[in-house]
Structure formats: C-alpha cells, structure tokens
Amino acid sequence: MIGGRYLMRTQDWATVILPLIHRDPSVLGEDAGEFRPDRSLPESSRGRPPHSYKPFGTGERACIGRQFALHEAVLVLARLLQRYDITGDPGYELAISERLTLMPRGFEIALARRTPVTVGQAG
Ligand code: HEM
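Now for a look at the structure at hand. (Residues numbered from 1 in each chain as written. Predicted model: local features only at pLDDT ≥ 70, side-chain atom pairs only at ≥ 80, totals over all residues. Heavy atoms only, no water.)

1. What about the side chain of Ser52?
- Position of Ser52 among the secondary structure elements: in the loop between helix H3 (42-45) and helix H4 (66-83).
- The class for Ser52 is buried, based on a relative accessible area of 12%.
- Apart from residues lying up to four places away in sequence, Ser52 is in contact with Ile21, His22 and Val27. (Helix = DSSP H or I, 4+ residues; strand = E, 2+ residues; numbered from the N terminus. Buried < 20%, exposed > 50% of the residue type's maximum accessible area, 1.4 Å probe, protein only. Contact = heavy atoms within 4.5 Å.)

Right, dumping it as structure tokens:
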C-alpha cells in the first residue's frame, strides 16, 4: 500500500514523474515552479520529506553513476569557480529543452579568468 491509499500487488508497477515531484507545491510552496536555488540550502531544505528530491531516480532502475556524478560535479565546479568568474545574461528567460536531461535552451555563459596565468597552470 502506498501512502495508505494505493494498493500495489507483486506484479504491479508505477512510473515516478520526477519533474512533478520536484515542483510539488505541497512541499515547496506555491512558487514551486520558480527557479530559486536557495531552496537547496541546508536551512531551507531541512525537514522536507526524504523522497521529495530524487534527481538520480528511484528504485531498482535508479542511476548507477550517482556517486561518480556527485564527485565529478564538485571537482569540476571547484576547479572552474577557482579560476573563472562566470556570468550569464541577466535578461535570459528560461526555456526548457528536453533531451536526455532538462536544459535551459539558448542560455550562454561567459567566463572571465580570475587569476593571472602562471607557467604550468594554463587551461
Ligand atoms: C548529474 C548527473 C546525473 C544525473 C542527474 C543522472 C540521473 C539519472 C536518472 C534520473 C536515472 C534513472 C532513469 C530512470 O528511472 O529510468 C539514471 C539512470 C542511469 N544513470 Fe544516471 N545520472 C547522472 C549521471 C550518470 C553518470 C555519470 C553515469 C555513469 C557513469 C550514469 C549512469 C546511469 C545508468 C547506467 C542508468 C541506468 C540504470 C538502470 O536502468 O538500471 N548516470 N540517471
């Protein structure tokens, strides 16, 4: 029984629509559809239902690359942010492109080097 409401038998299956879970007003409030990265801060997300955020899927077919992806993201972001200031077009209006993942369509960023290049540090 799911949530005391939906009877699941052995052969039954369910599809979890992650984009809807991640925009659930009962969890995030009425502005659930707005892009507000501060929602992810520990002080904002504390106390939320544990299954209300599942970027790597759920159940038996969940992402096997999760740990790798999280490490890679931290390493790549740390390296980029250490070396570059990143700016985007402040007037950009979000348009979502659905490919393997959801992406902002036509959104471009500019990188400005933060520190002078020293020998052996280029790139
Ligand atoms: C931020 C990065 C990533 C995100 C958000 C992500 C997300 C997901 C999600 C949501 C699924 C489940 C799809 C479904 O339920 O049908 C999935 C499956 C999968 N992911 Fe990832 N993924 C990421 C990175 C990676 C990486 C780096 C690898 C491999 C090195 C990987 C390998 C896989 C594989 C093989 C599956 C299929 C698992 C199966 O069907 O049994 N993913 N991923």
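2. Quick look at the site of the ligand
- In the neighbourhood of the ligand, the contacting residues comprise Pro55, Phe56, Gly57, Arg61, Ala62, Cys63, Ile64, Gly65, Phe68 and Ala69.
- The side chain of Arg61 places a nitrogen or oxygen atom 2.8 Å from an oxygen atom of the ligand.
- Looking at the shell around the ligand residue by residue, the classes come out as seven nonpolar, two polar and one charged.
- Both domains that meet at the shell around the ligand, namely domain 1 (1-61) and domain 2 (64-117), each give it at least three residues. (Near = heavy atom within 4 Å. Polar contact = N/O pair within 3.5 Å; in protein donor to acceptor, adjacent residues only side chain to side chain. Nonpolar A, V, L, I, M, F, W, Y, C, P; charged D, E, K, R; others polar. Domains from an automatic or database assignment.)

3. Things to note about the layout of surface pockets
- Quantified by volume, the largest pocket comes out at close to 1,600 Å³.
- Taken together, 34 residues make up the lining of the largest pocket; nearest its centre are His22, Arg23, Phe35, Tyr53 and Leu102.
- Listed by contribution, the elements that provide at least two residues to the lining of the largest pocket are helix H1 (18-21), helix H2 (25-28) and strand S3 (102-104).
- Broken down by class, the residue content of the lining of the largest pocket amounts to 20 nonpolar, seven polar and seven charged.
- Both domains that meet at the lining of the largest pocket, namely domain 1 (1-61) and domain 2 (64-117), each give it at least three residues. (1 Å grid on protein atoms, 1.4 Å probe; cavity = no way out; pocket = protein on both sides within 12 Å on 5 of 7 lines; lining within 4 Å. Points joined across faces, edges and corners; volume = space filled by probe spheres on them.)

4. A closer look at the pattern of salt bridges
- Evaluated as defined, the whole model comprises four salt bridges.
- Residue Arg9 pairs with Asp12 through a salt bridge whose shortest N-O separation is 3.5 Å.
- Where Asp31 meets Arg39, a salt bridge forms, and the shortest distance between an N and an O atom there is 3.4 Å.
- On the basis of relative accessibility, which here comes to 30%, the residue Asp31 falls in the partly exposed class.
- Beyond isolated ion pairs, a larger network of salt bridges with shared partners links Asp31, Arg36 and Arg39. (Salt bridge = Lys/Arg side-chain N within 4 Å of Asp/Glu carboxyl O.)

5. Quick look at a nonpolar patch on the surface
- Residues Leu75, Val76, Leu77, Leu80, Leu81, Ile86, Phe107, Ile109 and Leu111 make up a contiguous nonpolar surface patch of roughly 800 Å² in combined accessible area.
- For the nonpolar patch, the secondary-structure elements that each account for two or more residues are H4 and strand S4 (109-113).
- Its relative accessible area of 35% is what places Ile86 among the partly exposed residues. (Patch = residues over 30% accessible without salt bridge, like charges linked within 9 Å, V, L, I, M, F, W, Y side chains within 5 Å. Areas by Shrake-Rupley, 256 points an atom, 1.4 Å probe, with all protein chains shown as cover.)

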